[in-house]
Amino acid sequence: MGEIVWLTLKLATISTLVLLVVGTPLAWWLARTKAWWKEIVAAIVALPIVLPPTVLGFYLLVVMSPDSLLSTLLGGRGLAFSFEGLVIGSVIYSLPFVVQPIRNAFEAFGERPLEVAATLRASPLDTFFTVAVPLASPGFLTGAVLGFAHTIGEFGVVLMIGGSIPGETKVLSIAIFDYVESLQWDKAHLLSAGMLVFSFAVILLMMLAEKGLARRRAGWGRA
Amino acid sequence: MSVIDARFAGGQGGFTLDTAFNVPAKGVTALFGPSGCGKTTVLRCIAGLNRMKEGFLSVEGEVWQQGRRFIPPHKRPIGYVFQEASLFPHLSVTGNLRFGLHRTKNETPRILFDDVVALLGLSRLLDRPASVLSGGERQRVAIGRALLSQPRLLLMDEPLSALDRFSKDDILPYLERLHSSLSIPVLYVSHDISEVERLADHLVLMESGRVKAAGPLEDLLADPALPLAGMPEAAVALNARMEGYDPAWGLSTLAVHGATLLVPANLGPVGSAHRLRILSSDVSLSRSAPQGSTIINSLAVRILSAEPLGEHQMNVLVRLGPDGAGARLLARITRKSWMDLAFQPGETVYAQIKGVALVDRSL
């Protein structure tokens, strides 16, 4: 059972890191661009919120199957039923939950701090890292926590593209399902209770941290 | 070539700007006009925060915008003070002050941290987070932050308009000190004439996206053709030099261009410079040297011109001195007096000045 928890945490951690790296520039672009087609991109990013996970999983399975175009480009190696495949699936599935809070945070402080930084000789890249990211830190916190928690909780996508290979793709939510299927109630109880406590702790910590951040700086408006 | 040469033309959301002016890159130049006349847009164009379709900008001989050439704001040696202080809430006061300073590493700073802290009275604020300061304190930090980025041109967009009367009075002396102790040219946007009279040397008068007039403050304030002279509180500004103090009466003698004036106050050492403000409604004219009057400032002046003002008043432009070679003064008198006394342009008459206000300003 330790292996299951370890694999789940590993998947969630790696996925969250990838999500932040991919999601931050995307959120920045969505918050700043004046391109007319930005809401189309935003809608595509948001799709996993409404799409049944099995539908997403199905298409990912098609793309990742050994004879797909992608797999041919990767040298004939299909990503389905592999850990890497799970990471890709998780990133796509959790992307809206990371991009949306970060985008909102980038939009919340408006143009002014960026203009101030420019008049203080900070280049756009410098401004991004020393002004935009710190000011959007509550959004990053929310995005990271939601992305992490969502990856831990996902079931449908994993079932479709990951299956249940011990040590490779058998994560917590799948394991609970398997235990219930095979009538091992005590193990299902243990993992489920663990998830319940974990989820509660995550939400509580996030709320406290956000409150703390908000108190530390009484908002851009006042400063 | 110590000038700022700016021309901007273009539209933005139903508003058209078509401005051109040329002001010395020295002292304080006020961009003055009613709200919505485009003065902030002009300032933003100079900073590079806005880009007009057609524009030319050169500052002290260096071209910042011309045709396709456009230097981005972070590469322009400017300081910008916004209407709201806009401090970075994630940094302390020190962090805010040093933000621009850190980014000028390859230059030897001319404006030093400790000097700015002393100049703006910031020493007891340094360790505080930016969010706990009062409005006036925040704006002082914002000014210090802009100065420490070692600007060659300081742009200020109504830095006092978001403050209450009390905070304004708190900041004005600092701005005046800034003017006297640093030799950075300042472009100052304002719609408050009393601020302009107090701070500016030059004036760019704007109206609905266009420049109406530009020139030295004294000239524009005393120009009857401009709307400034028709304002209820119209006044002229005179630069004066301390000549002496008579402790027996508590009067200072001040020399202005073409005359001397007595002011009831001790204005410090002989030779010190001051700015005086004389309301046009405080000046009356008489044909002969007045005798038996309580008014101590009675001067020979020459009438230059007169314009009717409303139904019953005249705005009379005079110059100090019997030969009319001195500074300009406006007198607001009734049309009846003007007709009864049959004043004519070119005549030498006497101006009685009821009040001389000292614009608190140590140069």
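Note that the coordinates shown come from a computational prediction; the quantities given were computed from them, not determined experimentally.

Asks: Tell me about the sheet that holds strand β20 (residues 348-353) of chain B, and please be specific about residues and values.
Replies: Strands belonging to one sheet form pairs held by backbone hydrogen bonds; the direction of such a pair is parallel or antiparallel. All names here are of chain B. The strand order across the open sheet formed by five strands is β16-β20-β17-β18-β19, and the pairing between neighbours is antiparallel. Every other strand in the sheet has two partners, leaving β16 (283-286) and β19 (328-334) as the edge strands with one partner each. The sheet shows a mean angle of 45° between the axes of neighbouring strands, taken without regard to direction. Of the pairings in the sheet, the one linking β16 to β20 comprises four bridges and is antiparallel in character. Each residue of the ladder has a partner; that of Val 283, found in β20, is Ile 353.

Asks: Got a sec to walk through the sheet that holds strand β21 (residues 357-359) of chain B? Specific residues and values, please.
Replies: Residues and elements named next belong to chain B. One open sheet accounts for five strands, arranged β14-β13-β12-β15-β21; its pairing is antiparallel. On the outer flanks of this sheet lie β14 (259-263) and β21, each paired with one strand and no other. Shown here is a sheet whose adjacent strand axes are inclined to one another by a mean of 45°, direction ignored.

Asks: Let's hear about a nonpolar patch on the surface: which residues, and what values?
Replies: Residue and element names in this part refer to chain A. Together, Phe 58, Tyr 59, Val 62, Val 63, Leu 70 and Leu 74 make up an exposed nonpolar region whose accessible area comes to about 560 Å². Ranked by residue count, the leading element in the nonpolar patch is helix α3 (residues 53-64), at four residues. Mapped onto the fold, Val 63 is located in helix α3. Exposure remark for Val 63: the relative accessible area of 41% places this residue in the partly exposed category.

Asks: Can you break down empty space enclosed by the protein residue by residue, with the values?
Replies: All names here are of chain B. Throughout the structure, instances matching the rule amount to three cavities of 30 Å³ or more. Within this model, the largest cavity holds a volume of roughly 60 Å³. Every residue lining the largest cavity is listed: Val 28, Met 156, Leu 175, Leu 178, His 179, Val 186, Tyr 188 and Leu 199. Going through the elements one at a time, α5 (165-181) and β9 (186-190) are the ones with two or more residues in the lining of the largest cavity.

Asks: Please set out the pairing of β20 of chain B residue by residue, giving values where relevant.
Replies: Note on strand geometry: in a regular strand, side chains alternate between the two faces of the sheet. As judged from the six bridges shared by strand β17 (residues 297-309) of chain B and β20 of chain B, these two strands associate in the antiparallel manner. Opposite Asn 297 of chain B, over in β20 of chain B, you have Ile 353 of chain B as the bridge partner.

Asks: Describe the nonpolar core, and please don't skip the residues or the numbers.
Replies: Counting residues in hydrophobic clusters, the biggest one holds 72 residues, and the most contacted among them are Phe 106 of chain A together with Ile 46, Leu 153 and Leu 155 of chain B. For this core, the element with the highest residue contribution is helix α5 (residues 83-108) of chain A, accounting for 11 residues. Counting 52 residues, the second-largest nonpolar core is a separate cluster that includes Ala 85, Val 93, Leu 133 and Ala 146 of chain B.

Asks: If you had to explain helix α8 (residues 137-153) of chain A to someone new, which residues and values would you point to?
Replies: Between its first and last C-alpha atoms α8 of chain A spans 24 Å; for 17 residues at 1.5 Å apiece the expected length is 24 Å, and the two agree. Within α8 of chain A, burial applies to Gly 139, Phe 140, Thr 142, Gly 143, Ala 144, Val 145, Gly 147, Phe 148, Thr 151 and Ile 152 of chain A.

Asks: Help me get a handle on the packing of helix α2 (residues 38-50) of chain A against α5 of chain A, residues and values and all.
Replies: Packed helices, taken two at a time, are described by their axes: the angle between them and the distance between them. All names here are of chain A. Close contact between α2 and α5 brings their axes to 6 Å; oriented N to C, the two are set at 125°. By the angle between their axes, α2 is oblique relative to α5. In the packing of α2 onto α5, the handedness of the crossing is left-handed. Across the interface between the two elements, Lys 38, Glu 39, Ala 42, Val 45, Ala 46, Pro 48 and Ile 49 from α2 touch Ile 92, Tyr 93, Leu 95, Pro 96, Phe 97, Val 99 and Arg 103 from α5. Here the contact of α2 with α5 is composed, by residue class, of 11 nonpolar, no polar and three charged.

Asks: Mind laying out the layout of surface pockets, listing which residues take part and the relevant values?
Replies: Residues and elements named next belong to chain A. Put simply, the largest pocket is a space of about 430 Å³. What lines the largest pocket is a set of 17 residues, among which Glu 111, Leu 114, Glu 115, Ala 118 and Pro 124 lie closest to the centre. Listing elements by their share of the lining of the largest pocket, those giving two or more residues are α1 (2-32), α6 (112-119) and α7 (124-135). In terms of residue class, the lining of the largest pocket is built from nine nonpolar, four polar and four charged.

Asks: Got a sec to walk through the interface of chain B and chain A? Specific residues and values, please.
Replies: Listed per partner, the contact involves 30 residues of chain B and 24 residues of chain A. Buried area between chain B and chain A, both sides added, is near 2,300 Å², and the carbon and sulfur share of it is 59%. Applying the counting rule to chain B against chain A returns three salt bridges. Close ionic contact of Glu 84 of chain B with Arg 112 of chain A constitutes a salt bridge, the shortest N to O distance being 2.5 Å. Summed over the shared surface of chain B and chain A, the number is seven residue pairs in polar contact (both at pLDDT 80 or more). For the side of chain B that touches chain A, the secondary structure elements donating two or more residues are β7 (78-81), α2 (93-102) and α4 (135-148) of chain B. Of the residues in the side of chain B that touches chain A, the class split is 15 nonpolar, eight polar and seven charged.

Rules behind the numbers
- Residues numbered from 1 in each chain as written.
- Chains lettered and ligands numbered in written order.
- Predicted model: local features only at pLDDT ≥ 70, side-chain atom pairs only at ≥ 80, totals over all residues.
- Heavy atoms only, no water.
- Pairing = 2+ DSSP bridges.
- Helix = DSSP H or I, 4+ residues; strand = E, 2+ residues; numbered from the N terminus.
- Axes fitted to C-alpha atoms, helices over the stretch in contact; angles between N-to-C directions.
- Patch = residues over 30% accessible without salt bridge, like charges linked within 9 Å, V, L, I, M, F, W, Y side chains within 5 Å.
- Areas by Shrake-Rupley, 256 points an atom, 1.4 Å probe, with all protein chains shown as cover.
- Salt bridge = Lys/Arg side-chain N within 4 Å of Asp/Glu carboxyl O.
- Buried < 20%, exposed > 50% of the residue type's maximum accessible area, 1.4 Å probe, protein only.
- 1 Å grid on protein atoms, 1.4 Å probe; cavity = no way out; pocket = protein on both sides within 12 Å on 5 of 7 lines; lining within 4 Å.
- Points joined across faces, edges and corners; volume = space filled by probe spheres on them.
- Core = buried A, V, L, I, M, F, W, Y, C linked by side-chain atoms within 4.5 Å.
- Expected span 1.5 Å × (residues − 1).
- Parallel < 35°, antiparallel > 145°, perpendicular 65-115°, else oblique.
- Left-handed = near helix turned anticlockwise from the far one by under 90°.
- Contact = heavy atoms within 4.5 Å.
- Nonpolar A, V, L, I, M, F, W, Y, C, P; charged D, E, K, R; others polar.
- Buried area = accessible area lost by both parts, 1.4 Å probe.
- Polar contact = N/O pair within 3.5 Å; in protein donor to acceptor, adjacent residues only side chain to side chain.

Interpretation note: all reported values are geometric properties and have no functional meaning in isolation.
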